[in-house]
Amino acid sequence: FPVTISTKDVNDCHGTRVKDTCMFIHNSNWPTIINVGDSHMNIYVPAFLKYSKELGYNYVHLTHPGCMLFENYIFLDNGKRYKYCDHVYNRERLELISSLKNPIVIYGGRLSKYLNDFSAFDNKRGGIERAYTEYRIISSKEGQKINIADEIVLTLKKLEKVASKIFIVYPN
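A short tour of the structure in this document, coming up. Given the structure is predicted, the values throughout are model-derived calculations rather than measurements.

Quick look at the packing of aromatic side chains now. Per the counting criterion, the structure on display carries two aromatic pairs. Judged by centre distance (6.0 Å) and plane angle (25°), the ring pair of Phe 24 and Tyr 59 falls under stacked. Within this pair, whereas Phe 24 is found in strand β1 (residues 22-24), its partner Tyr 59 is found in strand β3 (residues 58-63), the two being separated by 35 residues in sequence. Seen from their ring centres, Phe 48 and Tyr 59 are 5.4 Å apart, and the 25° between their planes marks the pair as stacked. Of the two residues, Phe 48 sits in helix α1 (residues 45-55) while Tyr 59 sits in strand β3, which places them 11 residues apart along the sequence. When sorted by exposure, Phe 48 lands in the same class as Tyr 59, which is buried. Following the ring pairs from residue to residue traces out a cluster consisting of Phe 24, Phe 48 and Tyr 59.

Right under this line is the structure:
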């Protein structure tokens, strides 16, 4: 994987393919923070960018809309595979994370959505999203629905082998 200072606008970093990941490598001797998860993790980008360099960290941006990092995750929309969030993409994310020396992983997203079978959000104040009844997650191994809680644990165990620290963030 390339290790470069990204010249992209950070707004272009969210949802890129792994080969186009924004990597802000300020000093190859500095530890690297990796922000990985769905769009809910994107809100932290300005702070990561500002403070990573000031505090002596590199920063890698691996967020994607509606795409948590689950190794065996295939997201179906009306029975069709969502090609930008599947086991291949997530394995590429894991491979990139594994290629970095002792990264600090910030793992998160709207876990409640995945753990509650894609229940729709309604904050009773006008913040309503459409129901996700047509979406489902299947295993890349067996083609059947997977247990998300088990998949989270398996993914975190894989990250634990390569990361110096893992922080879990789960905003609602």
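From this point on, the discussion continues.
Moving on: the environment of Leu 96. Mapped onto the elements of the fold, Leu 96 is located in helix α2 (residues 87-99). Owing to a relative accessible area of 1%, Leu 96 belongs among the buried residues under this scheme. Separated by 34 residues in the primary sequence, Leu 96 and Leu 62 have C-alpha atoms spaced 9.5 Å apart.

So, about the state of the cysteines. For the structure shown, the criterion picks out one disulfide. At a sulfur-sulfur separation of 2.1 Å, the disulfide partner of Cys 67 is Cys 85. Between Cys 67 and Cys 85 the sulfur-sulfur dihedral comes to about 85°; the bridge is accordingly right-handed. One end of the pair, Cys 67, is in the loop between β3 and β4 (73-77); the other, Cys 85, is in the loop between β5 (80-81) and α2, with 18 residues separating them in the sequence. Under the relative-accessibility criterion, Cys 67 is labelled buried at 0%. Judged by its relative accessible area of 0%, Cys 85 falls in the buried class.

Core analysis: the largest hydrophobic core is formed by 28 residues, its most contacted members being Val 36, Phe 70, Ile 97, Tyr 107 and Leu 159. Those elements giving two or more residues to this core turn out to be β2 (32-37), β3, β4, α2, β6 (104-108), α3 (111-115) and α4 (148-162). Those residues within four positions of Val 36 in sequence are excluded, and the remaining contacts are Met 41, Leu 62, Leu 69, Arg 93, Ile 97, Val 105, Ile 106, Tyr 107 and Gly 108. Core analysis: the second largest hydrophobic core is formed by 10 residues, Phe 24, Ile 33, Ile 104 and Ile 106 among them.

A separate point is the pattern of salt bridges. If you walk through the whole model with that rule in mind, you get three salt bridges. Arg 91 is the salt-bridge partner of Glu 71, the closest N and O atoms lying 3.7 Å from each other. With Glu 71 in the loop between β3 and β4 and Arg 91 in helix α2, this pair connects stretches of sequence that are 20 residues apart. Looking at Glu 71, the relative accessible area reads 18%, which means it is buried. Each of Glu 71, Arg 91 and Lys 158 takes part in a single network of salt bridges with overlapping partners.

The five strands lie next to each other as β1-β3-β2-β6-β8, forming an open sheet whose pairing is mixed. Every interior strand has two partners, whereas the edge strands, β1 and β8 (165-169), have only one. Direction aside, neighbouring strands of the sheet carry axes that sit 15° apart on average. The pairing of β2 with β6 spans five bridges and is parallel. If you follow Asn 35 over to β6, its bridge partner there is Ile 106.

Parameters and conventions
- Residues numbered from 1 in each chain as written.
- Predicted model: local features only at pLDDT ≥ 70, side-chain atom pairs only at ≥ 80, totals over all residues.
- Heavy atoms only, no water.
- Phe/Tyr/Trp six-rings, centres within 6.5 Å; stacked < 30°, edge-to-face > 60°.
- Helix = DSSP H or I, 4+ residues; strand = E, 2+ residues; numbered from the N terminus.
- Buried < 20%, exposed > 50% of the residue type's maximum accessible area, 1.4 Å probe, protein only.
- Disulfide = S-S within 2.5 Å.
- Core = buried A, V, L, I, M, F, W, Y, C linked by side-chain atoms within 4.5 Å.
- Contact = heavy atoms within 4.5 Å.
- Salt bridge = Lys/Arg side-chain N within 4 Å of Asp/Glu carboxyl O.
- Pairing = 2+ DSSP bridges.
- Axes fitted to C-alpha atoms, helices over the stretch in contact; angles between N-to-C directions.

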